[in-house]
Each structure stands twice: as C-alpha cells, then as structure tokens.
Amino acid sequence: MRAVVHDRYGPPDVLRLEDVDRPVPTEDQVLVRIHATSVTRSDCGWRSAKPFISRFISPIVGTGGVLRPTHRILGGELAGEVEAVGAAVSEFKVGDRVFGTSLFGAHAEFVCMRASGPVAYMPAGMSFEQAAAVSDGAILALGCLRKAEPLKGKKLLVYGASGSIGTAGVQLARYFDAHITAVCNAKNVALVRSLGADEVIDYLQDDFTKNGKTYDVILDAVGKLTFRRCRGSLKEGGIYLPTDGFLNAFWLLWTRRIGDKKVLVQIPPRYTKKDVLFLKELIESGRYRAVIDRSYPLEDVVDATRYVETQQKTGNVVLTVSGGRAR
C-alpha cells in the first residue's frame, strides 16, 4: 500500500510517499481502507519535534523518540470503509463506512484500529472528506471545555476561533449554551458567527486582553497565548484552557496552589469511541459541521503540510486517498 512516511525529524520535506506492507488486523481490530484523512497541528508538531524539549516528553506519552520518530506514518483523523475485521469483532462488517481517529497511521491507504476504540459509523449524508475533518479538532476542544463545565450561561472566549479546534470549540460551546466571544481575523467573522458566536473580535483591530472585558473561560485554540497574558481578562474564579505551550505547564502547577484563577488542561488528550459517537449525534442533528479549507491528494502531503504551517488555515486541511492497492 502507499503511505506517507518519515524517518527523521525536520521540515515538511522529510515526508515522502512510499510503498509499505499493508497492516493485518488482530482479532479485536478492523482494517480500514482510508478515503480521506487530514493534516493537523499535531501532525506538524510530531514531524518537526518542535519545540526541542518535546523530544524528551514524547517518549513518556508514546508519541515519538528523542533522536528519531517512532511512528513513521503520521495522520490521526480518517474516514473510509471497513476492508476486513478480526475474529472477535462483531460491531463492524466489511463495507461499513466509518470515521474516527487512529492517532497515527492514517496518512496511508489502510490502517488498523481497535473496534472498541475511537471509530464509529459515519454520520448519515456526510462525505468521506467531511467526516475526516471532524474527530481531532472536535475531541481536543471537547476535552478542554469539559474541564470548565458547567458552561451554561458562562462568558467564554475562543481565541483562534477559525482554526480546526476553534471552529469546533465555538460549535461545542454553543451546544453547552455558553455566551461565546470569538477571536479571529476579519475574513472569518461571518463564518464564526454562523457557527454560533455571539460576539466576534478581529484580533488585527482589537486586543481582547486590553479592552477591559472579562470572561469566565478563555480557550486558546491555537496555542499562541499564555496564562500570564490572559490572567487580567479572566473573572475571579475564571479558567484558562490552553491547547499548547510548555510554559502553561508551569502555570498549571502554580495555579493549583495559588490564586483562584486556574489553568486546566487534559494531558494527554483522550480519544474515545464515546466522544466519536457524541459528535456523530451532533452532526446528524444539525448541531455540528466540519469546516474544510483545502483538500489535497495524498501525494501532495508536503504542500498540504506547508500550508498548515502558515497558521492561516480556516478549519481543516484534508488529504484524499485513492486506490488502496494491496502489496
């Protein structure tokens, strides 16, 4: 089968398309023929191993090695069809259309996943490309927002509201009935309003940390803020939810003991079938939609990755996979 592999850390050019052996499912796994996947901020971080300190943390959480990657094939989000099932699998059958996240291995024509893991039947009426742009950003946003529950009636600010985690965060916060202020650039104002934002701030025109307004919860969906910068914009008892930034790990420990404004983060992120099924329900009830910026064929993964690393994407960047040739 074709797969995008990398054997060393570095820029997008370390990625290459190669023929590799097709995986074989164990008794509790399904083999999925992938039709679409995505390139995420996480993929870029695991490939580049930046910041450098992440090389020493990755072995602890099982996402990489100090000197070289331990997962040659990146890609977590996926949508496709079940190609084969293990002997102990009864939930799925060959031909079922499924979506979910494998964490690694989805930048390929096939991947194996535990049937009990974060994979489910695709939402009715959804394309493979749309389904492949759901799980990662939405599950990361969901994990963050749950740290601040209950959200009903609370004032919540989403910084970076037009990215993958941000577009998910706005929609999920709307579901949880929060009052949402979205921060993005001017070109995406209409989009984030359509997703459920009550107010929108153009970060090129207004610095929310200097406008005197305060919030119960701040979700940094792009990993560009710090608790120190946001502290004055939080109400007493407020919660700051980062999605990146090693400096925030210090503040996580500090605010556990000092002050009533807290930094909360889910480390490491948890991907479960329950969450995938929850997102499927939201999609089918019209309360969640995938936002896709661009779509590239698998062989153009380097170009897709470069675009993601411009940090200018809106929503998700999808890779389409065709063929599924066995080796």
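First, a word on what this report is: a plain description of the structure on this page.

It is worth spelling out the layout of surface pockets at this point. Its boundaries defined by the atoms lining it, the second largest pocket holds a volume of some 210 Å³. As for the second largest pocket, its lining consists of Q29, T101, S102, L103, F104, C112, M113, R114, G117, P118 and Y271. Its residues assigned to classes, the lining of the second largest pocket comprises six nonpolar, four polar and one charged.

Among the secondary structure elements, K280 is positioned in helix 9 (residues 273-284). For K280, a relative accessible area of 17% translates into the label buried. Ignoring any residue separated from it by four or fewer positions in sequence, one finds K280 in contact with F99, Y121, M122 and P123.

Both strand 14 (residues 292-297) and strand 15 (residues 316-320) contribute to a ladder of five bridges, which runs parallel. Its bridge partner lying in strand 15, S295 is registered against V318. Running through helix 10 (residues 301-308), the crossover from strand 14 to the neighbouring parallel element strand 15 is right-handed.

This part is about the packing of aromatic side chains. Applying the stated criterion across every chain yields a total of six aromatic pairs. With a centroid separation of 5.8 Å and an interplanar angle of 45°, the aromatic rings of Y159 and F208 are classed as tilted. Placement of Y159 in strand 8 (residues 155-159) and of F208 in the loop between strand 10 (199-202) and strand 11 (215-220) is noted, with a sequence separation of 49 residues between them. F208 shares its class with Y159; the two are buried.

Let us look at the sheet that holds strand 12 (residues 234-242). With respect to topology, six strands assemble into an open sheet ordered 10-9-8-11-12-13, the strand pairing being parallel. Among the strands making up the open sheet, the edge pair consists of strand 10 and strand 13 (262-263). Across four bridges, the pairing between strand 8 and strand 11 is parallel. Bridge pairing in strand 11 links L156 to V217. In the packing of helix 4 (residues 135-146) onto the sheet, contacts are made with strand 8, strand 11 and strand 12, and the angle to strand 12 comes to roughly 155°.

For the structure on display, the rule yields 20 salt bridges. Among the salt bridges present, the one from D13 reaches R306, with a minimum N-O distance of 2.5 Å. Within this pair, whereas D13 is found in the loop between strand 1 (2-5) and strand 2 (16-19), its partner R306 is found in helix 10, the two being separated by 293 residues in sequence. R22 is paired through a salt bridge with E83; the nearest N and O atoms lie 4.0 Å apart. One end of the pair, R22, is in the loop between strand 2 and strand 3 (29-39); the other, E83, is in strand 4 (residues 77-85), with 61 residues separating them in the sequence.

Alignment of strand 3 against strand 4, held across seven bridges, turns out to be antiparallel. Counterpart to I34 in the pairing with strand 4 is G80. In terms of strand pairing, strand 4 meets strand 5 (residues 97-101) through five bridges, oriented antiparallel. Counterpart to E81 in the pairing with strand 5 is R97.

Right, let's talk about empty space enclosed by the protein for a bit. Using the criterion set out here, one finds two cavities of 30 Å³ or more in the structure. Taken as a whole, the largest cavity holds about 60 Å³ of empty space. T40, S42, D43, W46, G76, E77, T101, L103, D136 and Y271 are the residues that line the largest cavity. At three residues, the largest contribution of residues to the lining of the largest cavity is made by helix 1 (residues 41-48). Across the lining of the largest cavity, the residue classes break down as three nonpolar, four polar and three charged. Roughly 40 Å³ of internal volume is contained in the second largest cavity. Taken together, L15, V39, D43, C44, R47, L74, H107, V301 and T305 make up the lining of the second largest cavity. Every element with two or more residues in the lining of the second largest cavity is listed here: helix 1 and helix 10. Residue contributions to the lining of the second largest cavity peak at three residues, all from helix 1.

Basis of the calculations
- Counting restarts for each chain, with residues numbered from 1 along the sequence as it is written.
- pLDDT decides what is reported in this predicted model: residues at 70 or higher carry local features, side-chain atom pairs at 80 or more are listed and counted, and totals for whole chains, interfaces and linings draw on all residues regardless.
- Hydrogens and water molecules were not included; the side-chain quantities draw on all heavy atoms of the structure.
- Think of a 1 Å grid over the protein atoms and nothing else: a 1.4 Å probe that fits but is trapped marks a cavity, an open set flanked by protein within 12 Å on at least five of seven lines marks a pocket, and residues with an atom within 4 Å of a point count as lining.
- Grid points are joined across faces, edges and corners, and a volume is the space filled by probe spheres set on the points.
- Residues are grouped as follows: Ala, Val, Leu, Ile, Met, Phe, Trp, Tyr, Cys and Pro are nonpolar; Asp, Glu, Lys and Arg are charged; every other residue, Gly included, is polar.
- A run of H or I in DSSP becomes a helix once it reaches four residues, and a run of E becomes a strand once it reaches two; helices and strands are each numbered from the N terminus.
- Remark: exposure states derive from per-residue accessible area (1.4 Å probe, protein chains only) relative to the maximum for the residue type, with buried under 20%, exposed over 50%, and partly exposed in between.
- Two residues qualify as a contact provided that any one of their heavy atoms is within 4.5 Å of a heavy atom in the partner residue.
- Any two strands with at least two DSSP-identified bridges between them are counted as paired.
- Handedness of a crossover: with both strands directed away from the viewer, a clockwise path from the first strand across the helix to the second marks it as right-handed.
- Ring pairs are drawn from Phe, Tyr and Trp, using the six-membered ring of Trp, whenever the two centres fall within 6.5 Å, and their geometry is named by plane angle: stacked under 30 degrees, edge-to-face over 60, tilted for the rest.
- All axes here are fitted lines through C-alpha atoms, helices being fitted over the stretch that makes contact, and every angle between N-to-C directions spans 0 to 180 degrees.
- Any carboxyl oxygen of Asp or Glu within 4 Å of a side-chain nitrogen of Lys or Arg constitutes a salt bridge here.

In short, geometric facts, not functional conclusions.
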